[in-house]
Amino acid sequence: MSPVVERVLLVDSYDSFTFNLAALCRKAAPDCCIHIIKNDQLTFSDLSSYTDYFSAIIVGPGPGSPDIPEDIGAANDLWRVDNSRLVPIFGVCLGLQSLATQYGGKIKRLPVVKHGQVSVVEHTGGDIFKGVGVVKAVRYHSLHADLSGNEDLEELAWTFDNDENTRIVMALKHSKRPFWAVQYHPESVLTEGGGIEVMFNFCCLARSWNATRTRSLLPWDSKASTVFGSPWPNLLLPSISKHCTESRTVLTTTLHLPDLHAVMICELLDVTNDKSPFVMLDSAATPGRYTIIGCLHAASPHITYSIGDDFLHLQQGESCSRVSLGSHDIWSWVAAFMNQRKASGGLSNVPFWGGLVGYLSYEIGVESLSIPITVPGGRPRHPDMNLVFVERSIVLDSKDGVIYLQSILEGDEKWLADTTELLRSAAQEHSTRSANAAHPSTDAQTTIFLPDGETYKTRVSIAQEHLYAGESYELCLTAPTRISLRDLPWVPSETQSPSWQRYKLLRELNPAPHAGYLRLHPTTLVSSSPERFLSFSRPPGATFQLRPIKGTVRKGPDVTRAVAEKALKGSPKEVAENLMIVDLIRHDLHAVVGQDVDVKQFCTVEEYSTVWQLVSVIEGKVGNEVDAPDNRRANGALGWELLRRSLPPGSMTGAPKKRSVEILRTLEDGERNVYSGVFGYWCVSGAGDWSVTIRSCSKYDNRYGCKHTTGAPVDDRAEEWVIGAGGAITALSEPELEWQEMLTKLRSVLRVFGYPASCGN
């Protein structure tokens, strides 16, 4: 008989670091199978009947307190299991606090909250710390365990807070039962000495305890499999379809026209016709390189979807049909759509050959967290998914001065030839009519509705109270600003586009590497985003990269690199914010791609056109066999699944993500919608690149959308724009400074409406 496979059960309390802990466990015990369940997935009586399937249990971290049943679920009772069902258990953070409360310990607030901060931890050198040297541990907690009056608990490690006056328990064990726990986060990327070493020691102690008591595991069977599912990592690609058309061939023409810029090319096309859809993803500043212009035609498929609906709208030319999702959700429907539209034969150095371009809202990410959303009535809503399928495109390489014309339409050589002639003629004329931004008209009656400063600062304080209570480590609080334009000069919409003029001005004032102009009715999005969210390379063996930004210093005559380094890398608050998001992103990547996740760059100060920014880079990879081309699924289906499971962007929520989003919904007045979602592309080759929708403004205009567009027709001489802005609130935040930071971010976009950059409140 073959030996029973070692299995570990990881109890997840809705944390955003859970899969990092799973990866650490897998690294310590490479041959074990790890099954992950939520802490409220089973009652304790049901859960206890399955403990004999597992060699060990890990009670992971999470928001809240073990004193609140809804926060801890069935995990509290695991520590009190009957002797006949004893199993070795390792607790982390909330897990340690849970163990402490079950044996007489009390939960108290820390004198000083520790979220994303590193402490030196002293220890006994025994048990889980056997052979461990100096421990520098990342802490994410505002509550701690007081062991006075405890029964049978022994302190294994500790640190000192509050100027060395307060001793804080960092690890403990039960004197009679196989229970160990740490308060800090061994799985954090910055924990040194007490990470893999401690997890390895726990695995050894668990095996030894099981062997000494001749504890035998039950063989895995269909009953257990039904309850606990497949072990992590489960790299089976989603969105499998039974049907696929033959792959299209990419037609490409290469031109060397270094003097022809993106704005000039757009104005040679249809960008000034406000009635027509238009998309450009613009690398308007370094380190951006490629700008993508979609050359849409009358039949370009346009997909719109709103959360809560069991249908989508598919528009092609004058025809707009309501399509039932059937057995799909919107994500699998789009994956099936892309499975029918594969292409090959494009140039390997060109990132985009054709595919879907558009945006995904913040709320579509909230929906994927299984948080109930009630769509508000009254004001018309932007679609939550708004994508157009681009079959003809122009890609500019700003580094090499090369332009690529591409089509994935069969027999489209004439379009390539005609567009080549158009661009060459424009280059020969040395046209400069679009080199500088034509400023939008200032003749309109403009009213700007800023957020109320006192309300915002009060909400910062309320957010901090949630942090002190252990509900979150960081909360990204935002607020909308509304701009109302009335009595605009009348212009023919077929030849002039006010939104395009605003984009050109924004591009001039605030050039950004991940900018974009998306006119996908009823939504127009004008963005100067500095932040890439997620990119994934062409399969097989794709690389998935996220580049979170937390920390910005505006350039100035006296702001040298050394000054920026001190202000950013020298700030505990800025580094802590960045660390929390890096650990959250590692969790998102581990959840989908498995073990191979690496932090390539941590808190590096990068120089951009107008600012210095604190940037980290996290990458995940899969083997060629995982995402190899398959006629049953779309190229890049794994990247699309990672995008689904990573939204909303952690840099716009905080961590743990689910609880943070729930809290933010009580602190903000309404939906964020387009703002703090993502925009970008999914290429027919399987590559993708998505940016965070910040430093952006959007407007709703239903005059030219399909017949299903809601709301009363918009006045031809009026516009309503919305700009979102905010910042990450931590325990170290000061309300007045957070308000000023929000205004600084807001002004970078408000300037296109005539709002002065240095204006006061």
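Shown above is the structure to which this text applies.
Here the structure is a predicted model, which means the values were calculated and not measured.

### What about the overall build of the protein chain?
Phase 1 of the analysis: On a plain count of helices and strands, the protein chain comes out with 18 helices and 35 strands.
Phase 2 of the analysis: C-alpha atoms of the protein chain, sized along the principal axes, occupy 85 × 60 × 50 Å.
Phase 3 of the analysis: Among the 761 residues that make up the protein chain, the fraction classed as buried is 60%.
Phase 4 of the analysis: Put simply, of all contacts in the protein chain between residues at least 6 apart along the chain, 76% involve residues at least 24 apart.
Phase 5 of the analysis: In the form shown here, the protein chain has an accessible surface area of approximately 29100 Å², with 50% of it arising from carbon and sulfur atoms.
Phase 6 of the analysis: Side-chain charges in the protein chain split into 73 positive and 87 negative, and the spacing between the mean points of these groups amounts to 2 Å.

### Focus on the packing of helix 15 (residues 572-593) against helix 16 (residues 637-646)
Phase 1 of the analysis: Contact geometry of helix 15 with helix 16 gives a least axis separation of 10 Å together with a crossing angle of 140°. Relative to helix 16, helix 15 is oriented oblique. Helix-helix and strand crossings are classified by hand; for helix 15 and helix 16 the assignment is right-handed. Of helix 16, the residues touching helix 15 (which contributes Asp588, Leu589, Ala591 and Val592) are Leu638, Glu641, Leu642, Arg645 and Ser646.
Phase 2 of the analysis: A class-by-class count of the residues in the contact of helix 15 with helix 16 yields five nonpolar, one polar and three charged.

### Overview of the packing of aromatic side chains
Phase 1 of the analysis: By the definition in use, this model includes 26 aromatic pairs.
Phase 2 of the analysis: When the centroid spacing of 6.2 Å and the interplanar angle of 45° are considered together, the rings of Trp220 and Phe228 count as tilted.
Phase 3 of the analysis: Taking the relative accessible area as the measure of exposure, Phe228 reaches 5% and is therefore buried.
Phase 4 of the analysis: An angle of 50° between the planes, with centres 5.7 Å apart, marks the rings of Tyr456 and Trp739 as tilted. Residue Tyr456 is located in helix 12 (residues 453-468), and its partner Trp739 is located in helix 18 (residues 735-750); the two are separated by 283 residues in the primary sequence.

### Some points on the pairing of strand 7 (residues 153-161)
Phase 1 of the analysis: The pairing of strand 5 (residues 106-123) with strand 7 spans two bridges and is antiparallel. Bridge assignment links Glu122 to a residue of strand 7, and that residue is Trp158.
Phase 2 of the analysis: Two strands pair when backbone bridges link them, and strand 7 and strand 8 (residues 166-174) are joined in this way by eight bridges, in the antiparallel orientation. Each bridged residue has a counterpart across the sheet, and for Phe160 the counterpart in strand 8 is Arg167.
Phase 3 of the analysis: The turn joining strand 7 and strand 8, which pair antiparallel and follow one another in sequence, is formed by four residues; a positive phi near 55° is taken by Asn162.

### A closer look at the environment of Ser484
Phase 1 of the analysis: Take Ser484: it is sitting in strand 23 (residues 474-486).
Phase 2 of the analysis: The sequence separation of Ser484 and Ile448 amounts to 36 residues, and the corresponding C-alpha distance is 6.4 Å.
Phase 3 of the analysis: A polar contact of 3.3 Å, which involves the side chain of Ser484, links it to the side chain of Arg486.

### Quick look at the environment of Thr191
Phase 1 of the analysis: When you line up the elements, Thr191 lands in the loop between strand 9 (179-182) and helix 6 (196-212).
Phase 2 of the analysis: Using a relative accessible area of 12% as the deciding quantity, one classes Thr191 as buried.
Phase 3 of the analysis: Sequence-wise, Thr191 and Val138 are 53 residues apart; in three dimensions their C-alpha atoms are separated by 5.3 Å.
Phase 4 of the analysis: Once you skip the residues sitting within four places of it in the chain, Thr191 turns out to touch Lys136, Ala137, Val138, Tyr184, His185 and Pro186.
Phase 5 of the analysis: A polar atom in the side chain of Thr191 sits 3.1 Å from the backbone nitrogen of Val138.

### As for the pattern of salt bridges
Where charged atoms of side chains with opposite charge meet at close range, the side chains can pair.
Phase 1 of the analysis: Within the structure shown, the criterion is met by 47 salt bridges.
Phase 2 of the analysis: The closest approach of N and O atoms between Lys658 and Glu662, which form a salt bridge, is 3.0 Å. Of this pair, Lys658 and Glu662 both sit in helix 17 (residues 657-667), four residues apart, which is roughly one turn of the helix.
Phase 3 of the analysis: Through salt bridges that share partners, Asp71, Glu471, Lys658, Arg659 and Glu662 make up one connected network.

### Regarding unusual backbone geometry
Phase 1 of the analysis: The step from Thr286 to Pro287 runs through a cis peptide bond, and the omega angle for that step is 10°.
Phase 2 of the analysis: Here Pro287 shows up in the loop between strand 12 (278-282) and strand 13 (290-294).
Phase 3 of the analysis: Backbone torsion omega between Ala655 and Pro656 reads -5°, so that peptide bond is classified as cis.
Phase 4 of the analysis: The topology assignment puts Pro656 in the loop between strand 31 (654-655) and helix 17.
Phase 5 of the analysis: Positive phi values are uncommon outside glycine, yet Thr214 reaches one of about 45°.
Phase 6 of the analysis: Looking at where Thr214 falls in the secondary structure, it is placed in the loop between helix 6 and helix 7 (222-228).

### Topic: the sheet that holds strand 5
Phase 1 of the analysis: Overall, mixed pairing links the nine strands, which are arranged 2-1-3-4-9-8-7-5-6 in an open sheet. With one partner strand each, in any of the chains shown, strand 2 (33-38) and strand 6 (135-146) form the two edges of the open sheet. The sheet shows a mean angle of 25° between the axes of neighbouring strands, direction not considered.
Phase 2 of the analysis: Strand direction decides the pairing type here: strand 1 (residues 7-12) and strand 2, joined by six bridges, are parallel. If you follow Leu9 over to strand 2, its bridge partner there is His35.
Phase 3 of the analysis: With respect to the sheet, helix 15 is in contact with strand 5 and strand 6, its orientation differing from that of strand 5 by roughly 85°.

### Some words on the nonpolar core
Phase 1 of the analysis: Of all hydrophobic cores here, the largest spans 115 residues; its most connected members are Phe90, Phe129, Met199, Phe544, Trp640, Leu643 and Trp682.
Phase 2 of the analysis: In this structure, Leu251, Ile483, Leu746 and Val749 belong to the second largest nonpolar core, which totals 64 residues.

### So, empty space enclosed by the protein
Rolling a probe over the atoms, with the probe sized like a water molecule, indicates the empty space that remains.
Phase 1 of the analysis: In this structure the tally under the stated criterion is six cavities of 30 Å³ or more.
Phase 2 of the analysis: In this structure, the largest cavity spans a volume of roughly 100 Å³.
Phase 3 of the analysis: What lines the largest cavity is a set of 19 residues, and nearest its centre among them are Pro539, Asp627, Asn635, Gly636 and Ala637.
Phase 4 of the analysis: Per-element tally for the lining of the largest cavity: the top contributor is helix 16, with three residues.
Phase 5 of the analysis: Looking at side-chain class alone, the lining of the largest cavity contains ten nonpolar, five polar and four charged residues.
Phase 6 of the analysis: Estimated volume of the second largest cavity: approximately 80 Å³.
Phase 7 of the analysis: Gly62, Gly64, Tyr140, His141 and Gly470 are the residues nearest the centre of the second largest cavity, which is lined by 13 residues in total.
Phase 8 of the analysis: Top element by residues in the lining of the second largest cavity is strand 6. It accounts for four residues.
Phase 9 of the analysis: Residues that form the lining of the second largest cavity fall into these classes: six nonpolar, seven polar and no charged.

### Side note on the pairing of strand 13
Phase 1 of the analysis: Among the five residues that make up strand 13, five are buried, leaving the element largely enclosed by the rest of the structure.
Phase 2 of the analysis: Burial along strand 13 is two-sided: Tyr290, Ile292 and Gly294 facing one way and Thr291 and Ile293 facing the other are all buried.
Phase 3 of the analysis: When strand 12 meets strand 13, the two strands line up antiparallel, connected through three bridges. Of the residues in strand 13, the one forming a bridge with Leu281 is Ile292.

### A closer look at the environment of Met170
Phase 1 of the analysis: With respect to the helices, strands and loops of the structure, Met170 is situated in strand 8.
Phase 2 of the analysis: Once you skip the residues sitting within four places of it in the chain, Met170 turns out to touch Leu96, Val121, Arg139, His141, Ala157, Trp158, Thr159, Ala181, Val182, Gln183 and Tyr184.

### Quick look at the layout of surface pockets
Phase 1 of the analysis: Each pocket or cavity is described by its volume, and for the largest pocket that value is around 1200 Å³.
Phase 2 of the analysis: Lining the largest pocket are 45 residues, with Arg379, Pro480, Arg482, Glu671 and Val722 positioned closest to its centre.
Phase 3 of the analysis: Elements represented by at least two residues in the lining of the largest pocket include exactly helix 12, strand 23, strand 34 (696-700) and strand 35 (719-729).
Phase 4 of the analysis: When grouped by side-chain class, the residues that make up the lining of the largest pocket number 19 nonpolar, eleven polar and 15 charged.

The rules behind these values
- Residues numbered from 1 in each chain as written.
- Predicted model: local features only at pLDDT ≥ 70, side-chain atom pairs only at ≥ 80, totals over all residues.
- Heavy atoms only, no water.
- Helix = DSSP H or I, 4+ residues; strand = E, 2+ residues; numbered from the N terminus.
- Buried < 20%, exposed > 50% of the residue type's maximum accessible area, 1.4 Å probe, protein only.
- Contact = heavy atoms within 4.5 Å.
- Areas by Shrake-Rupley, 256 points an atom, 1.4 Å probe, with all protein chains shown as cover.
- Lys, Arg positive; Asp, Glu negative; His and termini not counted.
- Charge placed at Lys NZ, Arg CZ, Asp CG, Glu CD.
- Axes fitted to C-alpha atoms, helices over the stretch in contact; angles between N-to-C directions.
- Parallel < 35°, antiparallel > 145°, perpendicular 65-115°, else oblique.
- Left-handed = near helix turned anticlockwise from the far one by under 90°.
- Nonpolar A, V, L, I, M, F, W, Y, C, P; charged D, E, K, R; others polar.
- Phe/Tyr/Trp six-rings, centres within 6.5 Å; stacked < 30°, edge-to-face > 60°.
- Pairing = 2+ DSSP bridges.
- Polar contact = N/O pair within 3.5 Å; in protein donor to acceptor, adjacent residues only side chain to side chain.
- Salt bridge = Lys/Arg side-chain N within 4 Å of Asp/Glu carboxyl O.
- Core = buried A, V, L, I, M, F, W, Y, C linked by side-chain atoms within 4.5 Å.
- 1 Å grid on protein atoms, 1.4 Å probe; cavity = no way out; pocket = protein on both sides within 12 Å on 5 of 7 lines; lining within 4 Å.
- Points joined across faces, edges and corners; volume = space filled by probe spheres on them.

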